[in-house]
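Report on the structure
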Amino acid sequence: MSARRDVAFVMAEYGLSERQACKLLEVDRSSVRYEARPDRNGELRKRLVVLAQKQPRYGYRRLWVLLRREGRGVNLKRVYRLYREARLGVRLAVRKRPKRLAPAGLPPRAANEEWALDFVSGAVAGGGRIRILTVLDGYTRQCPGIEVGMSIGSRRVTRALDRMIARWGAPKRLRCDNGPEFTSRHFLAWCEKQGIEVVHIQPGRPMQNGYLESFNGRLRDECLNANWFANLAEAKEKIEAWRKEYNSERPHSSLGYRTPEEFARQCSEPTSTMKAIPPGRPCEWMDRTAVLAGKGTPMVAPRGRALARCAPPCRKAITRRAVPPGWQDR
């Protein structure tokens, strides 16, 4: 508007034409001749604001539907443009995650040094949802217990842990996520009373509790997806049967294909050789997971292959191969 006033002043005072005045002031003639168009969206904008005030949690699509119901043949993109200009956007509540440092420390080196806790969801035949509290020893990979229920709060979690501690002994620390059951005042006070350290993993980092995540995957694949639960009682019975089978019968790959009970029994023997591969296994070398975790002895690699980034082979593990006849003369 100031440029148009300047052009009008020069034309009135010095008698110049519009073209000469625009050239002198370096103003485009279309800007001087521009006439504002009437706002044809004024009524629509007012009605949109009224609807948004009446329904503050409606987005622009629902407001557009309300306008169409009133008989206004308005385009969705037009409503969106007016919606943005009026700053009517719905503010989404962003969940505030607690900021935690990565849990420090080495992996557990003895039984009952660290237990891991987490929840798994399931369902019964009637459509009801069930929650499953899983507990795992991070060293022996034994499962002290699984709690199944429709709703499991922090007080039920502590009652289940009391029963497990009475049978298996108390752990030194508990590793869990930042769920409300594990961050409640009751749970933290119970852990402090028991003298148990609580280690919370970082939000969004489930692999900081990787042993239990793997266990939960086996539970879902071998039990929850393979069975049909008619009711809660049947779910408890079948899940408990699977837990006992997991501890006493199921071979564990990271334990040298031994069961967790067998591995825990060998750990308790002071003179145990702790062989990582059971007799009769066809493979001549093992996965490095057991070696790096201190749970086994590395074996000799076949001819022409080397175990990269692995500890030197133990002499007890070296076995002499039978030399075929006729090879000694070569």
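A few points on the structure.

Rules used in this analysis
- Residues numbered from 1 in each chain as written.
- Predicted model: local features only at pLDDT ≥ 70, side-chain atom pairs only at ≥ 80, totals over all residues.
- Heavy atoms only, no water.
- Axes fitted to C-alpha atoms, helices over the stretch in contact; angles between N-to-C directions.
- Helix = DSSP H or I, 4+ residues; strand = E, 2+ residues; numbered from the N terminus.
- Parallel < 35°, antiparallel > 145°, perpendicular 65-115°, else oblique.
- Left-handed = near helix turned anticlockwise from the far one by under 90°.
- Contact = heavy atoms within 4.5 Å.
- Nonpolar A, V, L, I, M, F, W, Y, C, P; charged D, E, K, R; others polar.
- Buried < 20%, exposed > 50% of the residue type's maximum accessible area, 1.4 Å probe, protein only.
- Polar contact = N/O pair within 3.5 Å; in protein donor to acceptor, adjacent residues only side chain to side chain.
- Arc of directions from axis to C-beta.
- Salt bridge = Lys/Arg side-chain N within 4 Å of Asp/Glu carboxyl O.

Bringing the packing of helix H4 (residues 42–54) against helix H6 (residues 76–85) into the picture now. Two numbers describe how H4 lies on H6: the axes approach to 10 Å, and their chain directions differ by 70 degrees. Judged by the inter-axis angle, H4 sits roughly perpendicular to H6. As for how H4 packs across H6, the hand of that crossing is right-handed. From H4, Leu44, Arg45 and Leu48 reach across to H6, where they touch Arg78, Val79, Leu82, Tyr83 and Glu85. The class makeup of the residues in the contact of H4 with H6 is five nonpolar, no polar and three charged.

Counting through the fold element by element, Arg243 comes out in helix H11 (residues 232–248). Look at Arg243 and you get buried, because its relative accessible area is 4%. At 2.8 Å, the side chain of Arg243 and the backbone oxygen of Cys143 are in polar contact. Those residues in contact with Arg243 that lie beyond four places of it in its chain are Cys143, Pro144, Gly145, Ile146, Arg167 and Trp168.

We now examine H6. Turning to H6, its buried residues number three or more, namely Arg78, Val79, Leu82 and Tyr83. Buried residues along H6 cover an arc of 135 degrees about the axis, so they all sit on one side. For H6, the exposed residues lying more than 90 degrees away from the buried face are Lys77 and Arg84. In this structure, the buried side of H6 is in contact with H4 and helix H5 (60–69). Its side-chain oxygen placed 2.7 Å from the backbone nitrogen of Lys77, Asn75 serves as the N-cap of H6. A positive backbone phi angle near 55 degrees is found at Arg87, which sits one or two residues after H6.

A word on the pattern of salt bridges. Scanning all chains against the criterion turns up 16 salt bridges. With a closest N to O distance of 3.4 Å, Glu85 and Arg45 form a salt bridge. With a gap of 40 residues between them, Glu85 in helix H6 and Arg45 in helix H4 connect regions that are remote in the sequence. Given the relative accessible area of 24%, Arg45 is considered partly exposed. For Arg173, the salt bridge goes to Glu113, with nearest N and O atoms at 3.6 Å. Of this pair, Arg173 sits in strand E4 (residues 173–176) while Glu113 sits in the loop between H6 and strand E1 (114–123), placing them 60 residues apart in sequence. The buried category is assigned to Arg173, whose relative accessible area is 16%. Given the relative accessible area of 16%, Glu113 is considered buried.

Honestly, that's just the spatial picture; any functional story needs more than this.
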